[in-house]
Structures are given as C-alpha cells and as structure tokens.
Amino acid sequence: MRSKVILLSGFLGAGKTTTMIRAAKMMEAAGKKVAIVTNDQGSALIDTALGRNSGLWTEEVSGGCFCCRFDDLLTALQTLRETQSPDVILAEAVGSCTDLSATVIHPMKHYYQDDFEVAPLTILVDPKRMVKSIPAIDSLAFSNSVHYIFEKQIEEADIIAINKLDQYAEEEIDTMIEVLNQRYPDAMILPISAARGDHMEQLIYEWMNSTISGNQWLDLDYEKYAKGEAALAWLNLRAEASSISRLDIKKWMMEFVNELEVHFILEKMIVAHMKVLIEHDGGFVKASIDSTGADPVILEVGEQVAQDFHLVLNLRVETSPERLDESVRMALSAANTEFPLEFHVTHHECFRPAPPAPTHRWTKNHPHR
Ligand SMILES: Nc1nc2c(ncn2[C@@H]2O[C@H](COP(=O)(O)OP(=O)(O)O)[C@@H](O)[C@H]2O)c(=O)[nH]1
Ligand SMILES: [Mg+2]
C-alpha cells in the first residue's frame, strides 16, 4: 500500500507545525497510522521536539530545505515506510522555501509513484502577512524581496489554507477569500484555525480525496528568491542551565523573551518567527512570537519549576546575523543576571540561508531535469 504524503508550506510562523500536529492527531484518532517530517536550514529544531512530545513518529531533514535535500527527504520517507508503514506522512517545509511543486512534488510523483501518493500542495497563510492585499495589520512589513517569497508560496498552492481564522471577524475572512479567489482562481481556498480546530476535517478530507497535486507552475526568479532568503537571519541555539536552587522556569523565559523583544522593537528588526523551548524533568514550556512586538503564545506541560533545564532557540528575523546574534547574547546575559545560573551553550549557529540549489527542478514544458 502506498503512503499518502502531505506537503505543507507557507511562510515562517503561518501555522504549519500547529496544523501538522493537530491533523496528525485527528487522523490517528480516526484509526490511521501517521508520521511527520520536519525540516530546517539548520539543526536543533523545536518543531521536531514538539512532534516527539506529541507522541508522533518524527523524522527530521536538517541542513537545507526539502528541494535542496531531496535525497535526504526521500531517505526520511523511505525510513518511515520501512519502520512504521504509515498510511499518512505529513511533511513541513522550511518557511522561507518555495517552488516545491517543481522541485519536490513532480520529481516524487514521477520517480516514487509506487511508494507514495502525493496530496495537494497546501500553503498555510497568516492573514496579517497579506499587507499588500488587505489593510496592513503589521506595523513593520518585510522588505520586498522577502515579501516576494511569501507571494510565490501562495501562487504555487493547490490549497491555500488561510489560518488563524479565530483572530478575525467573519467579514474580514470573506474579504480575504474574495481577494485570494480573484488572484488565484485555480486554487482551493479554505479558511481554518489550526489552533482551535475549525474546518480541519475539510482540509483532511481534501488531502485524502483530491487527485490534484502540483498543478501550478511558478514563474520564479531564483536571484530574487535567493535575495529574499538571504535577507533573513537564522539563529539556532541549544544550552544547558542549572541553578543552585529550584527556579521558576517560565519567569526566566519571560525575562529573556521580553529583553529580546525590546531589542527587536528598538532596532526595528522584523521578526518572522521566534521560538523558545525549555525542557526539564517536570515538563516543558514553549513561547512563540510571530511578529515584532507580538505577545508570546505560550504552550506548557507540567509544573514549570526545576533546578536544571535544557533551552532551545529557533529565531528567524529580517536583520543581519551579527545583529541578531548580539541581541540574543545581550538578552541571555540580562536574564542570567536576574536569575543567577550556570549556563552552557552546547550548539550555536547564526547565518543567512545560502542561495537555493534544488536537486531537481521540473518545468511545465521540460520535465525530467
Ligand atoms: N490564533 C492562532 N494562532 C495560531 C494558529 N495556528 C498557529 N498559531 C500560532 O502561530 C504561531 C506559529 O505557529 P507554528 O505552527 O509554529 O508555525 P510554522 O512556523 O508555520 O510552523 C504559534 O504561536 C502558534 O501557536 C491559529 O489557528 N490561531
Ligand atoms: Mg514550524
């Protein structure tokens, strides 16, 4: 039996992981065997930890996006097939990646059709990023080259899932649907709330029943795309911390997050997505911020008191790696002064993504490249 592969894309912070985990749980409850694949330019991924903390079988493709690491993606999918025989595999692409139809979906459909059936390419959209289409809600907007990626992602969708429906009035959602319908008449447009669960059954139904997959061919300027990716700074960090007495972990986290947010606001750095995960013996707590100055969304399990903890940071911000790194260093230093700790960084990377170099790239008239 073939495994259904559902590829989720969409900009950083749009809600891909939230959608993936909720959908996986819903499909499991309906008796399906489900696995997930996470992906990033770097390593030390919070999304992988979240998948595993949710009890889902999780593989990770790190060090590059699915299109540039196509062989690693296939290894991850084949490993899952051999070890788990899943009915469904949900795979979340890097949030600054596009052209997945030409670089992943078509090559998969051609070379691996005996093993995998590929679902409609689904792009998650956070309405507040649609600054050029509807009245701006974001006070700080990304540069044109970053916005180019956001628009190209939507353009290649088989399904556009407008997420975070819970934050908008019905009329606002209707306007968004109208704008998107005019711009992308061939895509299916579905408003959802991954956090609250609205219309998730319909989305899953489309994944399982639609035969459309990779129907849009992008006209993509790779130079502009590379420029957009390079405008973003990426920071991944892991650290071990220990204190002489038991500590309120959430307080430490909020001190760090608030310090960092002050830097972002003052220096007008545009946050695409910032995630902070703290794991300890008694559970975990995660903070997620999807735009500059936004209140952190907190997810926590267990009592947040411990002597030792493990910290993971995944930050994607429109600024230079040097400025991002310096802001994080200062915010950590401020939090660790407020709460005296032994703090040991075990992994640290801060970089601009390299220009995309896909393993395969098919075009409408010239496949098999
Ligand atoms: N209000 C609201 N927030 C959401 C929804 N889905 C995701 N989020 C939040 O948006 C942020 C980014 O979500 P995540 O799934 O990590 O996005 P990703 O970067 O695309 O994987 C997190 O703070 C989520 O809690 C939703 O349906 N409604
Ligand atoms: Mg994610």
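Residues numbered from 1 in each chain as written. Chains lettered and ligands numbered in written order. Predicted model: local features only at pLDDT ≥ 70, side-chain atom pairs only at ≥ 80, totals over all residues.

1. Topic: the packing of helix H1 (residues 16-29) against helix H7 (residues 200-209)
- Where H1 contacts H7, the axes come no closer than 11 Å and their chain directions differ by 75°. One way to sum up the angle between H1 and H7 is to call them roughly perpendicular. Contacts between H1 and H7 involve Arg22, Ala23, Met26 and Met27 from the first element and Met200, Leu203 and Ile204 from the second.
- Looking at the contact of H1 with H7, its residues break down into 6 nonpolar, no polar and 1 charged. (Axes fitted to C-alpha atoms, helices over the stretch in contact; angles between N-to-C directions. Helix = DSSP H or I, 4+ residues; strand = E, 2+ residues; numbered from the N terminus. Parallel < 35°, antiparallel > 145°, perpendicular 65-115°, else oblique. Contact = placed C-beta atoms within 7 Å. Nonpolar A, V, L, I, M, F, W, Y, C, P; charged D, E, K, R; others polar.)

2. Overview of the sheet that holds strand S9 (residues 232-248)
- Spatial ordering of the open sheet is given by S12-S11-S10-S13-S9-S14, a layout of 6 strands whose pairing is antiparallel. On the outer flanks of this sheet lie strand S12 (297-302) and strand S14 (342-351), each paired with one strand and no other. When the angles between neighbouring strand axes are averaged without regard to direction, this sheet yields 10°.
- Note: strand S10 (residues 270-280) against strand S13 (residues 305-318), 9 bridges, orientation antiparallel. Of the residues in S13, the one forming a bridge with Glu279 is His310. (Pairing = 2+ DSSP bridges.)

3. Thoughts on helix H3 (residues 70-84)
- Taking 1.5 Å of rise per residue, the 15 residues of H3 would be expected to cover 21 Å, and the 21 Å separating its terminal C-alpha atoms lies within 8% of that figure.
- Looking only at H3, the buried set comprises Phe70, Leu73, Leu74, Ala76, Leu77 and Leu80. On an axial view of H3, the arc spanned by its buried residues comes to 160°, and they lie on one face. Away from its buried face by more than 90 degrees, H3 exposes Asp71, Glu82 and Thr83.
- Packed against the buried residues of H3 are strand S1 (3-9), strand S2 (34-39), strand S3 (57-61), strand S4 (88-92), helix H4 (100-111) and strand S5 (116-118).
- Once H3 finishes, Ser85 follows within two positions and takes phi at roughly 40°, a positive value. (Expected span 1.5 Å × (residues − 1). Buried ≥ 20, exposed ≤ 12 C-beta atoms within 10 Å, placed from the backbone. Arc of directions from axis to C-beta.)

4. Looking at the site of ligand 1
- The local shell around ligand 1 holds 22 residues, among which Gly15, Lys16, Thr18, Ala195 and Ser288 are the closest.
- Among the elements that take part in the shell around ligand 1, H1 stands out by supplying 3 residues, more than any other.
- For the shell around ligand 1, the per-class residue count stands at 6 nonpolar, 11 polar and 5 charged. (Near = placed C-beta within 6 Å.)

5. Let's talk about the domain arrangement of the chain
- Its domain assignment divides the chain into domain 1 (3-228) and domain 2 (232-351).
- Centre-to-centre, using C-alpha coordinates, domain 1 lies 26 Å away from domain 2.
- Each side of the interface is counted separately: domain 1 has 19 residues, and domain 2 has 21 residues.
- Among the elements that make up the side of domain 1 that touches domain 2, the one with the highest residue count is helix H2 (residues 46-53) (3 residues). (Domains from an automatic or database assignment.)

6. Concerning the pairing of S2
- Among the 6 residues in S2, 6 count as buried, and that is most of the element.
- Burial of the side chains of S2 extends over both faces: Val34, Ile36 and Thr38 are buried on one face and Ala35, Val37 and Asn39 on the other.
- Direction of pairing for S2 relative to S4: parallel, over a ladder of 4 bridges. From the neighbouring strand, Val34 faces S4, where its bridge partner is Val88.
- In this fold, S2 hands off to H2, which returns the chain to S3; that crossover is right-handed. (Right-handed = clockwise from strand over helix to strand, strands pointing away.)

7. What to know about the nonpolar core
- One finds Leu7, Phe66, Leu90 and Ile160 to be the most contacted residues of the largest nonpolar core, which totals 111 residues.
- For this core, the domains that each give at least three residues are domain 1 (3-228) and domain 2 (232-351).
- Those residues in contact with Phe66, other than ones at most four positions away along the chain, are Asn39, Val61, Leu73, Ala91, Ala93, Leu100 and Val104. (Core = buried A, V, L, I, M, F, W, Y, C linked by C-beta atoms within 7 Å.)

8. Digging into unusual backbone geometry
- With phi around 70°, Asp99 is a residue other than glycine that occupies positive phi space.
- As for its placement among the helices and strands, Asp99 is situated in the loop between S4 and H4.
- Located in the positive-phi region is His199, a residue other than glycine, with phi close to 60°.
- By secondary structure assignment, the location of His199 is in the loop between strand S8 (188-191) and H7.
- Taking the number of C-beta atoms within 10 Å as the measure of exposure, His199 has 17 and is therefore partly exposed.

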